[in-house]
Amino acid sequence: MDNSVGYNFSISENQEMIRKVVHDFAEKNIRPNVMEWDEVQHFPIDVFKKLGELGLMGVLVPEVYGGSGLGYQEYVDVIVGVSKVCGSIGLSLAAHNSLCTGHILAFANEEQKMRWLPKLATAEWIGAWGLTEANTGSDALGMMTVATLDGDEYVINGSKNWITHGKTGDIAVVMARTGEKGDSNGVSAFVVERGTPGFAAGKKENKLGMRASETTEMIFDNCRVPKENLLGNIGGGFKQAMKVLDGGRISIAALALGIAKGAYEAAVAYAKQRHQFGQPIASFQGISFKLADMATEIEAAELLIRQAADLKNRGLPMTKESAMAKYFASEVAVRTATEAVQIFGGYGYTKDFPVEKFYRDSKLCTIGEGTSEIQKIVIAREVLKH
């Protein structure tokens with residue numbers, strides 16, 4: 001039987017309400033500041049505190065832990081709605097919800113959940129997640145960060161790169177080697193709280209896009225973490241991380257979809273309003289066909305995302321579907337933003353119009369949380385199983 005059968009295309013009342021809340025919040029609190037934050041690379045922590053008050057920093061966290069207790073369809077709506085206005089805020093929102101918070105939600109014991117989730121779900125604490133290192137991008141099992149047991153503590157040494165909230169985050173889930181390099185059973189996951197001696201932020205990256213989302217190095221120098229901060233079993237960290245990334249791919253796909261929709265809507269509005277040769281440029285086939293392609297690809301990307309979210313909600317395998325959604329939606333975001341710049345012409349190349357930023361932000365979606373090439377490997381592996 002096809003697992004994908006069963007998705008209900010109608011939008012629930014809950015979803016309608018969430019879309020309105022997110023839209024109103026983004027228009028009021030994000031849109032007026034987008035370019036200023038981008039220019040100076042300001043991470044607007046106060047905005048995330050406000051998002052926490054709305055329950056949007058713990059979308060998937062059950063109410064018993066202070067979260068909203070919603071499903072993946074609503075989560076997609078939240079990320080898309082924010083990312084249509086600013087990809088940076090969408091990215092940080094996704095990383096906090098699906099990576100750090102999501103990892104603890106999926107693999108922590110009850111005592112750990114009660115200890116950390118209420119602070120994360122309300123944005124009292126901002127979360128970070130550390131897997132990637134400078135020399136081990138796609139090759140995560142080659143990581144050099146190690147954790148060694150010493151009495152009742154693990155001593156962590158090494159560094160993590162490209163970490164969202166690596167400096168500002170109050171808490172990080174960190175993958176470190178507890179076994180042999182290259183062994184998928186030789187990595188463990190630890191929770192490290194800010195202020196722990198030996199845990200510091202390193203270089204902040206100066207990025208092409210997503211500039212209001214903080215991306216920093218995390219450094220561990222004889223960082224001592226209590227044994228009770230181990231998530232799950234010793235040696236289970238890599239497998240945990242791969243499962244977290246399955247859900248994370250839906251996040252990045254939703255982020256890409258939001259960026260694509262933002263660029264597309266700006267392009268449609270401009271094409272109707274901009275006149276050349278005595279008529280709106282939307283009436284020229286060269287422009288209208290671009291809009292037709294953009295609209296079609298955006299719809300297709302959304303269907304892939306909704307399918308993956310539905311499978312995730314039902315607890316069914318969705319490795320292939322989430323990889324397809326992430327791969328396709330991220331490439332669509334880049335194509336849509338590129339065409340939007342073309343439709344705007346010279347104005348699209350300036351910072352006075354929004355498509356220039358969508359163009360810069362879109363590219364990260366094809367790189368972060370598994371490159372497009374890695375997604376193809378995942379998809380190919382899944383389709384060749386049968």
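Here the structure is a predicted model, which is why all the values come from computation and not from measurement.

Thresholds, definitions, all that
Residues numbered from 1 in each chain as written. Predicted model: local features only at pLDDT ≥ 70, side-chain atom pairs only at ≥ 80, totals over all residues. Heavy atoms only, no water. Phe/Tyr/Trp six-rings, centres within 6.5 Å; stacked < 30°, edge-to-face > 60°. Helix = DSSP H or I, 4+ residues; strand = E, 2+ residues; numbered from the N terminus. Buried < 20%, exposed > 50% of the residue type's maximum accessible area, 1.4 Å probe, protein only. UniProt positions renumbered as here; feature names shortened; annotations may be inferred. Core = buried A, V, L, I, M, F, W, Y, C linked by side-chain atoms within 4.5 Å. Contact = heavy atoms within 4.5 Å. Axes fitted to C-alpha atoms, helices over the stretch in contact; angles between N-to-C directions. Parallel < 35°, antiparallel > 145°, perpendicular 65-115°, else oblique. Left-handed = near helix turned anticlockwise from the far one by under 90°. Nonpolar A, V, L, I, M, F, W, Y, C, P; charged D, E, K, R; others polar. Salt bridge = Lys/Arg side-chain N within 4 Å of Asp/Glu carboxyl O. Lys, Arg positive; Asp, Glu negative; His and termini not counted. Pairing = 2+ DSSP bridges.

Under the definition given, this model contains nine aromatic pairs. Pairing Tyr72 with Tyr75 gives two aromatic rings, centres 5.7 Å apart and planes at 85°, and the pair type is edge-to-face. You can see Tyr72 and its partner Tyr75 sitting in helix H4 (residues 72–83), three residues apart, about one turn around the helix. Given the relative accessible area of 11%, Tyr72 is considered buried.

On to the UniProt feature "domain: Acyl-CoA dehydrogenase/oxidase C-terminal" (unreviewed entry) in the protein chain, then. The feature "domain: Acyl-CoA dehydrogenase/oxidase C-terminal" (unreviewed entry), as given by UniProt, occupies residues 235–383 in the numbering adopted here. In residues 235–383, helix accounts for 75% and strand for 3%; the two terminal C-alpha atoms are 28 Å from one another.

Counting 70 residues, the largest nonpolar core has Ile30, Leu51, Ile89, Leu255, Leu291, Ile305 and Ile343 as the members making the most contacts within it. If one sorts the elements of this core by residue count, helix H7 (residues 237–273) sits on top with 15 residues. Setting aside its immediate chain neighbours within four residues, Ile89 contacts Ile30, Trp37, Pro44, Val47, Phe48, Leu51 and Val82. Ala95, Leu117, Ala189 and Val244 belong to the second-largest nonpolar core, a separate cluster that totals 28 residues.

Once that is clear, we can look at the packing of helix H8 (residues 285–313) against helix H9 (residues 319–344). Across the interface, H8 lies against H9 with an axial gap of 9 Å and an inter-helix angle of 160°. It follows from the interaxial angle that H8 and H9 lie roughly antiparallel. Pair H8 / H9 crosses with left-handed handedness. Considered class by class, the residues forming the contact of H8 with H9 number 17 nonpolar, four polar and five charged.

Another aspect to go through is the pattern of salt bridges. Within this structure, the stated rule accounts for 24 salt bridges. Put simply, Lys385 and Glu382 hold a salt bridge, and the shortest N to O gap is 3.1 Å. For Glu382, a relative accessible area of 17% corresponds to the buried category. Connected through shared salt-bridge partners, Arg19, Asp77, Lys261, Glu302 and Arg306 make up one network.

Our next topic: the side chain of Glu369. For Glu369, the position within the fold is in the loop between helix H10 (355–362) and helix H11 (372–383). One buried charged side chain, Glu369, makes no salt bridge at all; its nearest oppositely charged neighbour is Arg249, positioned 7.1 Å away.

In the numbering adopted here, UniProt assigns the feature "domain: Acyl-CoA dehydrogenase/oxidase N-terminal" (unreviewed entry) to residues 12–124. Span residues 12–124 is 70% helix and 0% strand, its end C-alpha atoms 30 Å apart.

We now examine the pairing of strand S7 (residues 215–226). As paired elements, strand S3 (residues 153–164) and S7 share nine bridges and run antiparallel to each other. The residue bridging Ile163 from the neighbouring strand is Thr216, located in S7. Here four bridges tie strand S6 (residues 199–204) to S7, and the two strands are oriented antiparallel to one another. Across the sheet, Lys204 pairs through a bridge with Thr216, a residue of S7.

When a strand is regular, its side chains alternate between the sheet's two faces. In the sheet, strand S2 (residues 146–150) pairs with S3 via five bridges, with the strands oriented antiparallel. Counted as the bridge partner of Val146 is Asn157 from S3. Hairpin connection, S2 to S3: the antiparallel pair is bridged by two residues, and Gly151 has positive phi, about 65°.

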